[in-house]
Amino acid sequence: MLQVPYIRENKDQIVEGLRKRSWDDDRLSILDDIVKKDDERKNIQTELDTILSQINAISKSIGDLFKSGNQEEANARKSEVQALKQKSSDLEDQAKANKEALQELLFQVPNVPNTLVPAGSTEDDNEVYQDLEGALPDLGTSAKPHWELVEDYKLIDFKRGVKITGAGFPLYTGKGAKLQRSLVQFFLNEAEAAGYNEVNVPFLVNEDSGRGTGQLPDKEGQMYAVPLDKFYLIPTAEVPVTNIHRNEILSTEDLPLKYTAFSPCFRREAGSYGADVKGLNRLHQFEKVEIVQMVHPSQSYDVLMTMVDHVEGLLKKLELPYRILRLCGGDLGFTSALTYDFEVYSAAQKRWLEVSSVSNFETFQSNRLKLRFKNEDGKKELVHTLNGSALALPRIMACIIENNQTGDGIVIPEVIRKYTGFSIIN
RNA sequence: GGAAGAGUGGCAGAGCUGGUUUAAUGCACUAGUCUUGAAAACUAGCGUGCGUGAAAGCGUACCGGGGGUUCGAAUCCCUCCUCUUCCGCCA
């Protein structure tokens, strides 16, 4: 959520940024509506405060009058207050309505894309920030997609997953389960080595947390809900982790805060269909190791690149063919100012699969979270939040299984053999 | 799930028979005085949001969250949340 003073002072810059998200003049007019609503809010506030001040003063004098035994005068003033009371409660109603209206407007405005974000409306307009080194791997015509391989080697039992829950809830078995757990272990250890503090978070969150990171109020349809208790199943560990310090004021020495968390992720994925959802490509439940940072605003873009480097290091160690994209305005998430996506090439499916998304949210989340720090001048300032997948498991699993298939079986990447205890699946 | 008790500023802790509370006091913290330096002592400062103002400041709201009673609520009432103790159930 953008801050209103920021909108007032940087309108041109915001307009320029939102145009990259294909906002036309009509939509952009919401910025003026916001300023107008905020002016209204200020006026109401001033008026209300004045009346409350009068009520307070008179009420106090009534107390004094009662003490000195001047009942008549006291009662006269009571009716005086009652009149003011009517006014103040009207104003309070107005203030409430105004606040809700303003909030609703603000919830509609996405983050302002960074200057580096290319204009564009679809994923085809994303910029290849760093292309694959070398040629695309070619496995020849006998290569099988992972959904066949996992069946051949009994790594995943999709059918029984369907029986237990439904489509998109795979049952990992045997070496499939172990390979996934090994990758998780590897990712967590790598994150720890990079200075991230491991946390183990609740997998259900309340509404306040959902709002804090921007899933609510608009995207409740993408989350599984537990209405009886008003909880949501997390779509990513980003939600609980970024909410750790909600409503807190940190000191400069606390920054940067670096967290890593493993969690299952639950997504309804309403509206998905086709080849996208085959096998492990798109699931309702999957596992992921997430990295999150809360940093001084002056550092956030440097930090973003260190996070990109970290993810890149993981893919290199796993020896997977990858490329890095810089998302265009149209593909950029609602809350992000700049996002780098990592894609791994599936040689059997002959397509790129997104395995990580690393983003800087600047103050967009921290403003909702009320996550601030006291800066060098002792003033309170919003921190910048960033996060990235490091990494999401299913597509990594899919690529390892597909790209490493040989006549003898599936070869386990060197770096995770110490976790799996086996070097080939056959 | 049942019963009882409790939630006050960074911490501790008063106030809780409604009206000098503008939330006492102590500790911690910050600055200053003193000191070669430190400690001690003394002095001052020390929450958050919003409005207003160039600023100092002034106003307003906040004593777990929300709502209510009243001229006036930390204080009374309702409701939700959390914690503690006991009972029940349970990995």
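All of these numbers come straight from a predicted model, not from anything done at the bench.

Conventions and cut-offs
Residues numbered from 1 in each chain as written. Chains lettered and ligands numbered in written order. Predicted model: local features only at pLDDT ≥ 70, side-chain atom pairs only at ≥ 80, totals over all residues. Heavy atoms only, no water. Helix = DSSP H or I, 4+ residues; strand = E, 2+ residues; numbered from the N terminus. Buried < 20%, exposed > 50% of the residue type's maximum accessible area, 1.4 Å probe, protein only. Near = heavy atom within 4 Å. Polar contact = N/O pair within 3.5 Å; in protein donor to acceptor, adjacent residues only side chain to side chain. Nonpolar A, V, L, I, M, F, W, Y, C, P; charged D, E, K, R; others polar. Contact = heavy atoms within 4.5 Å. Phe/Tyr/Trp six-rings, centres within 6.5 Å; stacked < 30°, edge-to-face > 60°. Patch = residues over 30% accessible without salt bridge, like charges linked within 9 Å, V, L, I, M, F, W, Y side chains within 5 Å. Areas by Shrake-Rupley, 256 points an atom, 1.4 Å probe, with all protein chains shown as cover. Salt bridge = Lys/Arg side-chain N within 4 Å of Asp/Glu carboxyl O. Lys, Arg positive; Asp, Glu negative; His and termini not counted. Charge placed at Lys NZ, Arg CZ, Asp CG, Glu CD. Axes fitted to C-alpha atoms, helices over the stretch in contact; angles between N-to-C directions. Parallel < 35°, antiparallel > 145°, perpendicular 65-115°, else oblique. Left-handed = near helix turned anticlockwise from the far one by under 90°. Domains from an automatic or database assignment.

## Focus on unusual backbone geometry
When glycine is set aside, most residues are seen to have a negative phi, and most peptide bonds are trans. Following Leu 255, the chain continues to Pro 256 via a peptide bond in cis, the omega torsion being -5°. Along the chain, Pro 256 turns up in the loop between β8 (249-251) and β9 (257-266). Of note, Lys 350 is a non-glycine position whose phi angle comes to about 55°, a positive value. With respect to the element layout, Lys 350 can be found in the loop between β12 (338-346) and β13 (351-362). The exposed category is assigned to Lys 350, whose relative accessible area is 52%. Phi is positive for Lys 370, close to 55°, though the residue is something other than glycine. Within the fold, Lys 370 resides in the loop between α12 (364-369) and β14 (372-374).

## So, helix α13 (residues 393-403)
For α13, the buried fraction is high: 11 of the 11 residues fall into the buried class. Those residues of α13 that sit buried are Leu 393, Pro 394, Arg 395, Ile 396, Met 397, Ala 398, Cys 399, Ile 400, Ile 401, Glu 402 and Asn 403.

## Here we look at the protein's contact with RNA strand B
With respect to spatial proximity, 21 residues lie near RNA strand B, and among them Arg 41, Thr 46, Asp 49, Lys 85 and Arg 372 are the closest. Close to the protein, within 4 Å, the atoms of RNA strand B belong to sugar or phosphate groups at a rate of 77%. Arg 41 is positioned with one of its side-chain polar atoms (N or O) 2.4 Å from a phosphate oxygen of RNA strand B. Secondary structure elements with two or more residues in the surface near RNA strand B: α4 (30-67), α5 (71-107) and β14. With 13 residues, α4 is the single largest residue contributor to the surface near RNA strand B. Among the residues forming the surface near RNA strand B, the class breakdown is five nonpolar, seven polar and nine charged.

## Focus: the side chain of Glu 343
Looking at the element boundaries, Glu 343 is found in strand β12. A relative accessible area of 12% places Glu 343 in the buried class. Among the polar contacts made by the side chain of Glu 343, one reaches the side chain of Arg 323 at a distance of 2.8 Å. Residues in contact with Glu 343, not counting those within four places in the same chain, are Pro 321, Tyr 322, Arg 323, Leu 325, Trp 352, Leu 353, Glu 354 and Val 355.

## Quick notes on the packing of aromatic side chains
Applying the stated criterion across every chain yields a total of seven aromatic pairs. Ring geometry for Tyr 345 against Trp 352: centres 5.1 Å apart, planes inclined by 65°, an arrangement best described as edge-to-face. The exposure class of Tyr 345 is buried, given its relative accessible area of 8%. Ring-pair connections join several aromatic residues into one group, and the members of that group are Phe 186, Phe 187 and Tyr 419.

## Things to note about a negative patch on the surface
On the surface, Glu 123, Asp 124, Asp 125, Asp 331 and Glu 354 cluster together into a negatively charged patch. Along the chain, Glu 123 turns up in the loop between α5 and β1 (127-130).

## Some details on the packing of α4 against α5
In contact at an axis separation of 8 Å, α4 and α5 are set at 160° when each is read in the N-to-C sense. Classed by the angle they form, the pair α4 and α5 counts as roughly antiparallel. Seen along the crossing, α4 lies across α5 with a hand that is left-handed. Among the residues making up the contact of α4 with α5, the classes are represented as 20 nonpolar, seven polar and 13 charged.

## Points about the domain arrangement of chain A
For chain A, the assigned domains read domain 1 (4-107) and domain 2 (123-425). For domain 1 versus domain 2, the distance between C-alpha centres works out to 43 Å.

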